[in-house]
Amino acid sequence: MFRKILIANRGEIALRIIWACRELGIKTVAIYSTADADSLHVRFADEEVCIGPPRNQDSYLNVSAVISAAEITDAEAVHPGYGFLAESAHFAEVCRECGLTFIGPEPDVIRKMGDKAVARSTMMEAGVPTIPGSEGILDGPEHAAEIAEKIGYPVLIKASAGGGGRGMRIANDADELERMYNAATAEAGAAFGNAEVYLEKYLKNPRHIEFQVLGDTHGNIVHLFERECSIQRRHQKLVEESPSVALDDDLRARMAEAAIKAARAVDYVNAGTIEFLLDEDKNFYFIEMNTRIQVEHPVTELVTGIDIIKEMVRVAAGEPISVTQDEIVSRGHAIECRVNAEHPETFVPSPGKITTFHSPGGPGIRIDTHCHGDATIPPFYDSMIAKVIAYGGTRGEAILRMRRAMESFVIEGIHTNVALQRKIVSDEDFVRGRMSTAFMERFLEKKG
Ligand code: ADP
């Protein structure tokens, strides 16, 4: 097992990894930008290294600064968390060249799955269902039009290097296609430095259902059941839960089998997520694989009792996954709400100094956060500041606990979406489990 791990991240996930390492008896090294000098992950790590000024490029994305921090502190492994360098095949390679273990999959697997057009064709070859569309990247708007005619409108143009819902455009008919093609390539080029796009049929009111998988270096691959992440705004998840009310045992088993098949197709090692869309007729299709820990992993931890971060560390150290598929069972129900520092109506980020912070607790409530009553949210990073995860024996109990938690969550000094989240989990459609990725649009219209 490792003696010391460097955490190449900040915020709640850096703290989450510190807790797992403490329980495993592993020392931790925090890295931080000057904007995060007073952050809790710095305070709770065993050692800390300032790696630069606030801008991402100068600190958390600065590969040589991160590697130097690992070298001077004698760390043996690096946990990248999510975001930042977590899906950088280059970073994983540099770690390896410097004798550091990257806690994640092999660099070539990160590269393959990070290119969504390649991931799509890999899955087609492996026999995992994908959404009708182009076989690979598009040559130009005429190529897009040709495929769209064949499969029918509406279609979605998607960036190969995409992430966070960027570089994606819907074309409802042939007239819109060229404009949307150009918009998607331009946005992808600007955001990712790669303008390649592919095309999929645009599904109406799908559900987003993903499967957590874990692989080890001994050839074992298991799944930890599903998460439903249909409550999204602009393709960004807001509320996640496990299990999904949309799956019966048969569909769950078929989707789990496809998830394992997808992971096997790339000999997957470490924690990953296979994302599917489920259409209104309950057909499911692979959309992408995330080769890292996900924000929403706690809902899976609560229903399975498995600490996914610890499994990631163990697997990276060459140990087998601590449980077999037969031993993994899902019990009860868990729901996560992402608390963002943002204006509740305009959704504009709301950084600043927190003046009051009272987080909920009590039975069935888990809070993952780096915030406290004297914290300052810097303007440079993601606006997610806390995750509230509610567990109950039933979905109904989990909802009641979440509602109660959101009613007693007090954050002052900055704007947050706590009140909005409370309304979402009280919404009749949500309570009845009637949801799709179109939920938020309708919900916000209803609210006026
Ligand atoms: P990203 O990598 O940017 O997160 P994904 O491919 O994971 O992009 O898709 C994000 C979200 O966009 C999905 O959860 C879903 O809401 C929507 N989406 C993606 N592909 C389609 C599609 N073909 N039809 C309808 N919605 C889609």
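Residues numbered from 1 in each chain as written. Predicted model: local features only at pLDDT ≥ 70, side-chain atom pairs only at ≥ 80, totals over all residues. Heavy atoms only, no water.

Focus on the environment of leucine 138
Assignment of secondary structure puts leucine 138 in the loop between helix H6 (116-126) and helix H7 (141-151). By relative accessible area, which is 7% here, leucine 138 ends up buried. Considering only alpha carbons, one finds leucine 138 and isoleucine 157, 19 residues apart in sequence, at a separation of 9.3 Å. (Helix = DSSP H or I, 4+ residues; strand = E, 2+ residues; numbered from the N terminus. Buried < 20%, exposed > 50% of the residue type's maximum accessible area, 1.4 Å probe, protein only.)

What to know about the layout of surface pockets
Of the voids in this model, the second largest pocket is the one considered here, and its volume is about 270 Å³. Lining the second largest pocket we find 16 residues, and of these Asn205, Arg207, Arg434, Met435 and Ser436 sit closest to its centre. Broken down by element, the residue count for the lining of the second largest pocket peaks at four residues, all from helix H15 (residues 439-447). For the lining of the second largest pocket, the residue count by class is five nonpolar, two polar and nine charged. (1 Å grid on protein atoms, 1.4 Å probe; cavity = no way out; pocket = protein on both sides within 12 Å on 5 of 7 lines; lining within 4 Å. Points joined across faces, edges and corners; volume = space filled by probe spheres on them. Nonpolar A, V, L, I, M, F, W, Y, C, P; charged D, E, K, R; others polar.)

Here we look at the site of the ligand
Lining the immediate surroundings of the ligand are 21 residues, of which Lys116, Gly165, His208, Gln232 and Glu288 lie closest. Glycine 165 places a polar main-chain atom, nitrogen or oxygen, 2.6 Å from an oxygen atom of the ligand. In this structure, histidine 235 approaches the ligand through a side-chain N or O atom, which is 3.0 Å from an oxygen atom. Out of a free accessible area of 550 Å², the ligand has 96% covered by protein chains. (Near = heavy atom within 4 Å. Polar contact = N/O pair within 3.5 Å; in protein donor to acceptor, adjacent residues only side chain to side chain. Areas by Shrake-Rupley, 256 points an atom, 1.4 Å probe, with all protein chains shown as cover.)

Observations regarding the packing of aromatic side chains
This model, assessed by the stated rule, comprises ten aromatic pairs. Aromatic side chains tryptophan 19 and phenylalanine 44 sit 5.2 Å apart centroid to centroid with 65° between the ring planes, which places their arrangement in the edge-to-face category. On the criterion of sequence distance, the pair formed by tryptophan 19 in helix H1 (residues 11-24) and phenylalanine 44 in helix H2 (residues 40-44) is long-range, its members being 25 residues apart. Taking 5.5 Å as the distance between ring centres and 80° as the angle between the ring planes, the aromatic pair formed by tyrosine 60 and tyrosine 381 counts as edge-to-face. You can see tyrosine 60 sitting in the loop between strand S3 (47-52) and helix H3 (63-73) and its partner tyrosine 381 sitting in the loop between strand S18 (376-377) and strand S19 (384-392), a full 321 residues away along the chain. The pair formed by tyrosine 60 and tyrosine 381 is uniform in burial state, with each residue classed as buried. Feature note: the residues Tyr60, Phe84, Phe380 and Tyr381 constitute an aromatic cluster, connected by ring pairs. The lysine or arginine in question, arginine 233, covers the ring of phenylalanine 347, its NZ or CZ lying 3.6 Å from the ring centre. The ring of phenylalanine 430 carries arginine 395 above its face, with NZ or CZ at 4.8 Å from the centroid. (Phe/Tyr/Trp six-rings, centres within 6.5 Å; stacked < 30°, edge-to-face > 60°. Lys NZ or Arg CZ within 6 Å of the ring centre and 35° of its normal.)

Quick word on the packing of helix H5 (residues 107-114) against H6
Look at H5 against H6: their axes get within 5 Å of each other, and the N-to-C directions meet at 95°. With respect to H6, the axis of H5 lies roughly perpendicular. Residues Lys112, Met113 and Gly114 of H5 lie in contact with H6, whose contacting residues are Lys116, Val118, Ala119, Thr122 and Met123. Considering only residue class, the contact of H5 with H6 consists of four nonpolar, two polar and two charged. (Axes fitted to C-alpha atoms, helices over the stretch in contact; angles between N-to-C directions. Parallel < 35°, antiparallel > 145°, perpendicular 65-115°, else oblique. Contact = heavy atoms within 4.5 Å.)

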